[in-house]
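# Structural overview for review
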Amino acid sequence: MKKYDVTGIGNALVDIEFKVKDQFFVDNQVEKGLMTLVDEERQNSLMKVINTAEAKKQCGGSAANTVIAVSQFGGKSYLSCKVANDELGKFFVADMKESGVENNLNPEKLEEGITGKCLVMVTEDAERTMNTFLGITQTYSVADVNEAAIKDSKYLYIEGYLVTSENGKAAMRHAKKLAEDNGVKVAMTFSDPAMVKYFKDAFDDVIGHSVDMLFANEEEAMLYTGKDNLKEAREELKKVAKHFVITQGKNGAMIFDGDTFIDIEPYQTTAIDSNGAGDMFAGAFMFGITNGHSYASSGKLASMASSKIVSQFGPRLKWHEAKEILARLNP
């Protein structure tokens, strides 16, 4: 028996989420709908023009959100990440503990520096736009990978955002090889269309011959494969992933289980915030496939969970909401 269902590696960020009008992007020269890396000065200038009193603060990062979801549904998860010895770093450590996710962070031995922050700007059309200052997580490297946790997991989950730095990419390759050498399955998420657009070669390098599970949305799938329609894109993805999920927003999702394609129905919802929807889908799905559920059942759980996430502000369910969704899956 493995100790963990999923061990994730990724950028540790404190999400500061707030609502804006489209005019905010025009006034502050922000590109809507994408994750953009910014320096601390740029992020601080944006912080000065937002109403921080109404902002919601939670520990985040793509892999963090996903392993928290695994934990909330009743799975066992671990996160390998990096924060600094500052106020937000200590907040991150406490929030992860409260979320039931074991991790490599020792609050007594955090390095000096600045913990990464992600400004999540949500517009009335429910689209999320992110400006991220990575801070100390930009130095995440092979040294921060917990080898014992990976070896004792059913799955390693790799966050695509790590491809933006050479040390992050090296950590991805190292963790993947370690998992493969120890019979641990490897899952990866592309994380954001901008990552695929600007770092496709880096993804090719990390993926190598293949991964066991790949998560992408429609835009990422077509960008990565160079195809302009989903039917061709999904056939191309078979060459690099044994199994994969393509999320399709309000149209649900498509799962390749290694043999056939499974269409996952969407659940009716009123979307107000898409932040964390993909991370939640991945987390609920990973919980499902590591805890005896079929691909179809795991997809249904993930669809229910992500439809709940987009109907509220913030990337995370409350504990009772996760239990209620699980009860609906297994009445």
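Computed from a predicted structure; not experimentally measured. All residue numbers refer to position in the chain's written sequence, counted from 1. Owing to the predicted nature of the model, reporting of local features is limited to residues with pLDDT of at least 70; listing and counting of side-chain atom pairs is limited to 80 or more, with chain, interface and lining totals taken over all residues. Just so you know, side-chain values use all the structure's heavy atoms and leave hydrogens and water out.

Attention shifts here to the overall build of the protein chain. A run of DSSP states H or I qualifies as a helix once it reaches four residues; a run of E qualifies as a strand once it reaches two. Both are numbered from the N-terminal end. Assigned secondary structure in the protein chain consists of twelve helices and 14 strands. Atoms counted for the radius of gyration: C-alpha only. Globule rule: 2.2 Å times residue count to the power 0.38. For 331 residues, the compact-globule formula gives about 20 Å, and the C-alpha radius of gyration of the protein chain, at 18 Å, lands near that figure. Residue pairs in contact within the protein chain that sit at least 24 positions apart in sequence constitute 75% of those at least 6 positions apart. Residue exposure ignores everything except the shown protein chains as possible cover, and the areas themselves are Shrake-Rupley values with a 1.4 Å probe. For the protein chain, the computed accessible surface area is about 14,100 Å², with 48% contributed by carbon and sulfur atoms. The convention is simple: Lys and Arg are positive, Asp and Glu are negative, and His and the chain ends are not counted. The location of each charge is read from NZ of Lys, CZ of Arg, CG of Asp or CD of Glu. Seen as two clouds, the 38 positive and the 48 negative side-chain charges of the protein chain have centres 4 Å apart. In what follows, a contact means two residues having at least one pair of non-hydrogen atoms within 4.5 Å.

What follows deals with the side chain of Arg234. Summarising the element assignment, Arg234 is placed in helix H9 (residues 230-237). Remark: exposure states derive from per-residue accessible area (1.4 Å probe, protein chains only) relative to the maximum for the residue type, with buried under 20%, exposed over 50%, and partly exposed in between. Within this document, salt bridges are pairs made up of a side-chain nitrogen of Lys or Arg and a carboxyl oxygen of Asp or Glu, the two lying within 4 Å of each other. Although Arg234 lies buried, it forms no salt bridge, and the closest oppositely charged side chain, Glu235, sits 4.1 Å away as judged by the N-O distance. Contact partners of Arg234, with chain neighbours within four places excluded, come to Phe244, Ile246, Met254 and Phe261.

On to the packing of aromatic side chains. Two descriptors summarise a pair of aromatic rings, namely the distance from one centre to the other and the angle between the planes of the rings. Two rings from Phe, Tyr or Trp (for Trp, the six-membered ring) form a pair when their centres are within 6.5 Å of each other. A pair whose planes differ by under 30 degrees is stacked, one over 60 is edge-to-face, and the rest are tilted. Within the structure shown, the criterion is met by twelve aromatic pairs. Connected via pairs of aromatic rings, a cluster forms that spans Tyr157, Phe215, Phe285 and Tyr295. Lysine NZ or arginine CZ positioned within 6 Å of the ring centre and within 35 degrees of the ring normal marks a charge as sitting over the ring. Taking NZ or CZ as reference, Lys57 lies 4.7 Å from the ring centre of Phe91, over its face. Its end group placed over the ring of Tyr224, Lys200 keeps NZ or CZ at 4.6 Å from the ring centre.

Following DSSP output, two strands are said to pair if at least two bridges run between them. Taken in spatial order, the five strands line up as E3-E8-E7-E2-E4 in an open sheet, and their pairing is mixed. For this open sheet the edge positions go to strand E3 (35-37) and strand E4 (56-60), each flanked by a neighbour on one side alone. Averaged over all adjacent pairs, the angle separating strand axes in this sheet is 25 degrees, with direction ignored. Where strand E2 (residues 13-19) lies against E4, five bridges are found, and the strand directions are antiparallel. What sits directly across from Val14, in E4, is Cys59. Helix axes are fitted only over the stretch in contact, all axes being lines through C-alpha atoms; the angle between N-to-C directions runs from 0 to 180 degrees. Most of the contacts of helix H2 (residues 40-48) go to strand E8 (residues 128-133), to which it runs at about 130 degrees, and overall it touches E2, strand E7 (116-122) and E8.

Here Asp15 lies in strand E2. Setting aside residues up to four positions removed in sequence, Asp15 forms contacts with Lys56, Lys57, Gln58, Gly60, Gly61, Asn65, Cys118, Val120, Asn275 and Pro315.

Turning next to helix H4 (residues 87-98). The end-to-end C-alpha distance of H4, which contains twelve residues, comes to 17 Å, matching closely the 16 Å that a straight helix rising 1.5 Å per residue would cover. Residues of H4 that are buried include every one of Leu88, Gly89, Phe92, Val93, Asp95 and Met96, and no others. Down the axis of H4, the sector holding all buried residues measures 170 degrees, keeping them to one side. Of the residues in H4, the exposed ones pointing more than 90 degrees away from the buried face are Glu87, Lys97 and Glu98. Positive backbone phi, approximately 80 degrees, marks Gly100, located one or two places after H4. Multiplying 1.5 Å by the residue count of a helix minus one yields the expected span of that helix. Of all possible arcs, the one meant is that of the directions from the helix axis to the C-beta atoms.

A word on the pattern of salt bridges. All told, the structure shown has 19 salt bridges when counted by the stated rule. Between Asp192 and Arg128 there is a salt bridge, with the nearest N and O atoms lying 3.5 Å from each other. Linking Asp192 in the loop between strand E10 (185-189) and helix H7 (193-207) with Arg128 in strand E8, this pair joins segments that are 64 residues apart in sequence. The residues Asp192 and Arg128 share a single accessibility class, namely buried. Among the ionic contacts, a cluster of salt bridges with common partners joins Asp22, Lys32, Asp125 and Glu127.

Moving on to the sheet that holds strand E6 (residues 102-103). With mixed pairing, the nine strands of this open sheet are ordered in space as E6-E5-E1-E9-E10-E11-E12-E13-E14. Strand pairing shows two members of the sheet lacking a second neighbour, E6 and strand E14 (261-264), which therefore form its edges. Pairing analysis gives five bridges linking strand E9 (residues 153-159) to E10, with the strands arranged parallel. By the bridge assignment for E10, Glu159 is matched with Thr189. The strands that helix H8 (residues 218-225) touches are strand E11 (211-217) and strand E12 (241-247); relative to E11, the one it contacts most, it runs at about 115 degrees.

The next subject is the nonpolar core. What we call a nonpolar core is a set of buried Ala, Val, Leu, Ile, Met, Phe, Trp, Tyr and Cys residues that are connected through their side-chain atoms within 4.5 Å. By size, the foremost hydrophobic cluster in this structure holds 49 residues, and its most contacted members are Phe73, Leu79, Phe92, Phe215, Phe285 and Met286. Ranked by residues supplied to this core, first place goes to helix H10 (residues 277-290) with eight residues. Apart from residues no more than four positions distant in its own chain, Phe73 is found in contact with Met280, Ala284, Phe287, Leu301, Ala305, Leu317, Ala322, Ile325 and Leu326. One finds Cys118, Val122, Ala171 and Val184 within the second-largest nonpolar core, a separate group that totals 47 residues.

On to the side chain of Thr225. One can find Thr225 in helix H8. Residue classification places Thr225 among the buried positions, given a relative accessible area of 17%. Pairs of N or O atoms are called polar contacts if they sit within 3.5 Å, as long as, within protein, a hydrogen donor faces a hydrogen acceptor (for residues adjacent in sequence, only side-chain-to-side-chain pairs). Of note is the side chain of Thr225, whose polar atom sits 2.8 Å from the backbone oxygen of Ala221. Discounting chain neighbours no more than four positions away, the residues touching Thr225 are Ala233, Glu236 and Leu237.

Before going further, it helps to examine empty space enclosed by the protein. Using only the protein atoms, space was sampled on a 1 Å grid; points where a 1.4 Å probe fits but cannot get out form cavities, open sets with protein on both sides within 12 Å along at least five of seven lines form pockets, and lining residues are those with an atom within 4 Å of a point. Grid points are joined across faces, edges and corners, and a volume is the space filled by probe spheres set on the points. Summed over all chains, the structure comprises one cavity of 30 Å³ or more. There is about 30 Å³ of room inside the largest cavity. Together, Asn11, Leu134, Thr137, Gln138, Tyr161, Leu162, Thr164, Ser165 and Gly168 line the largest cavity. Residue classes in the lining of the largest cavity are distributed as three nonpolar, six polar and no charged. When residue character is reported, Ala, Val, Leu, Ile, Met, Phe, Trp, Tyr, Cys and Pro are called nonpolar, Asp, Glu, Lys and Arg charged, and the others, Gly included, polar.

Function-wise, these values are silent; they only describe arrangement.
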